[in-house]
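Spelled out from the first residue to the last, the chains are:
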Amino acid sequence: MYSIIVVPPPTTEDEPARIQYRLAPGERLVFGRAVPEDGLRIGHDGVSRRAGEIAAHGTFWTLSNLCAHQTYVVENPEGAGEHIKVAPGRLDAPVPFEFSRIVLPAAGDLLPVEVWAPRHDYLRGEDGTDGEPTAPAFSVDRTKRYFAVLAALCEPRLRGAPHAPLPTMDQVVERLRPSWPAASRTSVQWNIDYLAVKLRLKPGPETAEPGPRLNGKKESLVSLALRFDLVREDDLVVLAAPSGRALR
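Below you will find a few notes about this structure. Nothing here was measured: the structure is a model prediction, and the numbers come from that model. (Residues numbered from 1 in each chain as written. Predicted model: local features only at pLDDT ≥ 70, side-chain atom pairs only at ≥ 80, totals over all residues. Heavy atoms only, no water.)

1. So, the side chain of Ser64
1) Next: Along the chain, Ser64 turns up in strand β6 (residues 61-65).
2) Next: We classify Ser64 as buried; its relative accessible area is 2%.
3) Next: Excluding anything up to four places from it in sequence, Ser64 contacts Ala51, Gly52, Glu53, Arg90, Leu91 and Asp92. (Helix = DSSP H or I, 4+ residues; strand = E, 2+ residues; numbered from the N terminus. Buried < 20%, exposed > 50% of the residue type's maximum accessible area, 1.4 Å probe, protein only. Contact = heavy atoms within 4.5 Å.)

Structure, rendered in structure tokens:
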């Protein structure tokens, strides 16, 4: 059973139908400018002859950087700028992302090699323990207006632009109008302040110590929400015009 799919950089020759390499657990794929026939050849003068090697495991993969001088970056296209760096000579660095993009610096170009790890294994059945349930780390209600505000803030980066600037207050208000016609700058700011307290980025008003001023409040909220999957792309449906049930 294949667990890893590797898609090489696009070229003018194979762009209409890019080749995919499918690896089963335990299999390896070497890539570079001059590799064996069963490897992934990348015909660019800026790529090392044996640039690296991908190894498939059950539900993840590892990357070996066989280049002597160049660091490789592995990006998570679905994350908010998430990435790892694999130093020259590093062997079998584990990559945790389901969808990944290896970025190969090549004489002024940045060549993307996509790696997909679609296989997931999950614990099945109850854990068999008694007692009180574990309290959730973050409690959010997707029917509330504060969640719609959070979704509007996260939307640009969830749409595939991990480094996109956050929307301005006016842009958030405009985006919320289909589901919340009465949205205003004041009401949106109130919900942002409420989220900062609810998600424990700043202490609540009932505490004796107010704590330091939280700079970059929107950036902190979006970073936390995307890092812990509090808002996913499927949740952006709350920004659409309501079909019978309005946000409260």
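2. Topic: the packing of helix α3 (residues 185-198) against helix α4 (residues 217-227)
1) Next: At their nearest, the axes of α3 and α4 sit 10 Å apart, and the two run at 55° to each other. Taken as axis vectors, α3 and α4 run oblique relative to one another. Along this stretch, α3 crosses α4, giving a crossing that reads as left-handed. Side by side, α3 and α4 meet where Gln189, Ile192, Asp193, Leu195 and Ala196 of the first sit next to Lys217, Lys218 and Leu221 of the second.
2) Next: For the contact of α3 with α4, the class distribution of residues is four nonpolar, one polar and three charged. (Axes fitted to C-alpha atoms, helices over the stretch in contact; angles between N-to-C directions. Parallel < 35°, antiparallel > 145°, perpendicular 65-115°, else oblique. Left-handed = near helix turned anticlockwise from the far one by under 90°. Nonpolar A, V, L, I, M, F, W, Y, C, P; charged D, E, K, R; others polar.)

3. Let's talk about the packing of aromatic side chains
1) Next: Applying the stated criterion across every chain yields a total of three aromatic pairs.
2) Next: A ring pair is formed by Tyr146 and Tyr194, whose centres lie 5.4 Å apart and whose planes are at 50°; its orientation type is tilted. Here Tyr146 is found in helix α1 (residues 145-158), whereas its partner Tyr194 is found in helix α3, with 48 residues between them in sequence.
3) Next: Taken together, Tyr146, Trp190 and Tyr194 form an aromatic cluster joined through their ring pairs. (Phe/Tyr/Trp six-rings, centres within 6.5 Å; stacked < 30°, edge-to-face > 60°.)

4. Brief notes about the pairing of strand β7 (residues 72-75)
1) Next: Here β7 shows a buried face lined by Tyr72 and Val74 and an unburied face lined by Val73 and Glu75.
2) Next: Where β7 and strand β8 (residues 83-86) come together, four bridges link them in antiparallel fashion. Residue pairing in the sheet places Val73 in a bridge with Lys85 of β8.
3) Next: Across three bridges, β7 lies against strand β10 (residues 99-106) in antiparallel orientation. The residue bridging Val73 from the neighbouring strand is Val103, located in β10. (Pairing = 2+ DSSP bridges.)

5. Details of the pattern of salt bridges
1) Next: Evaluated as defined, the whole model comprises 11 salt bridges.
2) Next: A salt bridge links Arg28 to Glu53, with the nearest nitrogen and oxygen atoms 2.8 Å apart. Of this pair, Arg28 sits in strand β3 (residues 28-32) while Glu53 sits in strand β5 (residues 52-56), and the two are 25 residues apart along the sequence.
3) Next: Overall, the relative accessible area of 19% leaves Glu53 in the buried class.
4) Next: For Arg177, the salt bridge is made with Glu174, and the minimal N-O distance between the two is 3.9 Å.
5) Next: By relative accessible area, which is 34% here, Arg177 ends up partly exposed.
6) Next: Here Glu174 falls in the exposed class, since its relative accessible area comes to 53%.
7) Next: Connected through shared salt-bridge partners, Glu155, Arg159, Arg175 and Glu233 make up one network. (Salt bridge = Lys/Arg side-chain N within 4 Å of Asp/Glu carboxyl O.)

6. Side note on the sheet that holds strand β4 (residues 40-41)
1) Next: In spatial order, the strands read β4-β3-β5-β6-β9; together these five strands make up an open sheet with mixed pairing. Strands at the two margins of the open sheet, each flanked by one partner only, are β4 and β9 (93-95).
2) Next: Strand direction decides the pairing type here: β3 and β4, joined by two bridges, are parallel. Residue Phe31 lies in a different strand from β4, and its bridge partner there is Leu40.

Note that every value here comes from positions in space, so none of it alone points to a role or purpose.
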